[in-house]
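Residue-level structure breakdown
Chain by chain, the residues run as shown.
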Amino acid sequence: MTVQASPTDLLAWYDRHARSLPWRVSPADKRAGIRPDPYRVWLSEIMLQQTTVQAVKPYFEAFLDRWPTVKALAAADEAEVMKAWAGLGYYSRARNLKACAERVAAEHQGQFPADEADLRALPGIGPYTAAAIAAIAFDRPAAVVDGNVERVISRLHAIETPLPASKPDIRAHTEDLVPEDRPGDFAQAMMDLGASLCSPRKPACALCPWTSACAGQRLGIAETLPRKAPKVAKPTRRGMAFVLLREGDDAVLLRRRPPKGLLGGMSEPPTTPFTEDAVTDDLTLAPFDLDWQRMPADVRHTFTHFHLELAVWRATAPADLALADGSWWSPPEELAGEALPTVMKKAVTAGLGE
DNA sequence: CAGTCGTGGCC
DNA sequence: TGGCCAAGACT
């Protein structure tokens, strides 16, 4: 005899234990009639894609402070958006964020659509984010399935089929649970449960509102779920970075990377392509024929699918050096505000060191 | 469908 | 300390 998982039990737990987050309207405030701002919900959901709450918080506050509405963001310079996004990762999100804001401003009169399919048609909004905005911002009964929900449902139903093959099954079970009343809070409750009690390691099953309904718990395999296909090993790629300092003011030469692909649209000191068979001492690859000095320590950085070892070279350039199109001198007081990804900040720092 | 696409914190 | 993980989307 088992107890059926009830949305009501989860919502009761959420009423007591909901996390307080800058983009969230608490259950108490919602009862007082406060509605979520779709712009804030959208902005937070884009930032939270594969990104931790802690990492998102300062970026969310900074964006909201600078661009308080979707119309303000639509009118922003894309380069400024990229600068503000620097360090958060997955930079195509920033480009799609700007494109999405423009579409909402131009095609939806600055109001986000409430319909899941209409949301899904906007750039950067996939199945998860469309459902999340529909549910959280508009209280539509959408099935919101993220990594947290996949874990909760996999355990609740003891699904041993590995991800991603189990996704359709997980979705079906989630749809069965979505309540007509408070679907937005239900979605957030599922994610809060997965982020706290139903954590990847050491789940706190004794405190879970669904413990008596959980097949994974009953079978003693909850912590081992969800199963996942084995991951492929990351290869190591190598490359060179050239930190060029301008004689006199120590401005650093930067350029913009191509709009798509790795670190697309972001800024960098000149680099070589990153490859597994790269040589890191071939100065014919340098952007200028100067007296380059190799810095003693390489920069190491790990991306999603490869490790990078970057040899950093430094030189000083005469102030009248002729620059190619698309590159510029960034003086010391502007360097921190440039659209430099973390790996490129590391490279510049290494190049500035002794 | 499987590969691409960042970063920081965790154990 | 190196792999795992975090509110995925796009191709």
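Quick caveat: nothing in here was measured; it's all calculated off a predicted structure.

Turning our attention to the protein's contact with DNA strand B. For DNA strand B, the set of nearby residues contains 18 residues, the closest of which are Tyr-91, Leu-263, His-301, Thr-304 and Thr-342. Residue Gln-50 places a main-chain N or O atom 2.8 Å away from a base nitrogen belonging to DNA strand B. The side chain of Tyr-90 places a nitrogen or oxygen atom 3.0 Å from a base oxygen of DNA strand B. Mapped by element, the contributors of at least two residues to the surface near DNA strand B are β5 (299-302) and α15 (342-352).

A few words now on the protein's contact with DNA strand C. Taken together, 26 residues lie near DNA strand C, and Glu-45, Gly-124, Asp-146, Asn-148 and Arg-151 sit nearest. Atoms of DNA strand C within 4 Å of the protein: sugar and phosphate make up 67%, bases the balance. One of the side-chain nitrogen or oxygen atoms of Glu-45 is found 3.0 Å away from a base nitrogen of DNA strand C. Elements supplying a minimum of two residues to the surface near DNA strand C: α9 (127-138), α10 (147-156) and α12 (183-195). Split by residue class, the surface near DNA strand C holds ten nonpolar, nine polar and seven charged.

Attention shifts here to the domain arrangement of chain A. Entries for chain A in the domain assignment read domain 1 (7-143 + 162-195) and domain 2 (236-352). Domain 1 and domain 2 are separated by 35 Å when their C-alpha centres are compared. Of the residues lining the interface, eight residues belong to domain 1; the matching set on domain 2 comes to 13 residues. Summed over both partners, the interface of domain 1 with domain 2 comes to about 760 Å²; 61% of that surface belongs to carbon and sulfur atoms. By the criterion of area lost to domain 2, the three top residues of domain 1 are Lys-83, Tyr-91 and Arg-95, representing 54% of everything that side buries. At the surface where domain 1 touches domain 2, the tally comes to zero salt bridges. In this structure, the connection of domain 1 to domain 2 is made through zero residue pairs in polar contact (both at pLDDT 80 or more). The dominant element in the side of domain 1 that touches domain 2, judged by the number of residues it contributes, is helix α6 (residues 78-85), at three residues.

Conventions adopted
Residues numbered from 1 in each chain as written. Chains lettered and ligands numbered in written order. Predicted model: local features only at pLDDT ≥ 70, side-chain atom pairs only at ≥ 80, totals over all residues. Heavy atoms only, no water. Near = heavy atom within 4 Å. Polar contact = N/O pair within 3.5 Å; in protein donor to acceptor, adjacent residues only side chain to side chain. Helix = DSSP H or I, 4+ residues; strand = E, 2+ residues; numbered from the N terminus. Nonpolar A, V, L, I, M, F, W, Y, C, P; charged D, E, K, R; others polar. Domains from an automatic or database assignment. Contact = heavy atoms within 4.5 Å. Buried area = accessible area lost by both parts, 1.4 Å probe. Salt bridge = Lys/Arg side-chain N within 4 Å of Asp/Glu carboxyl O.

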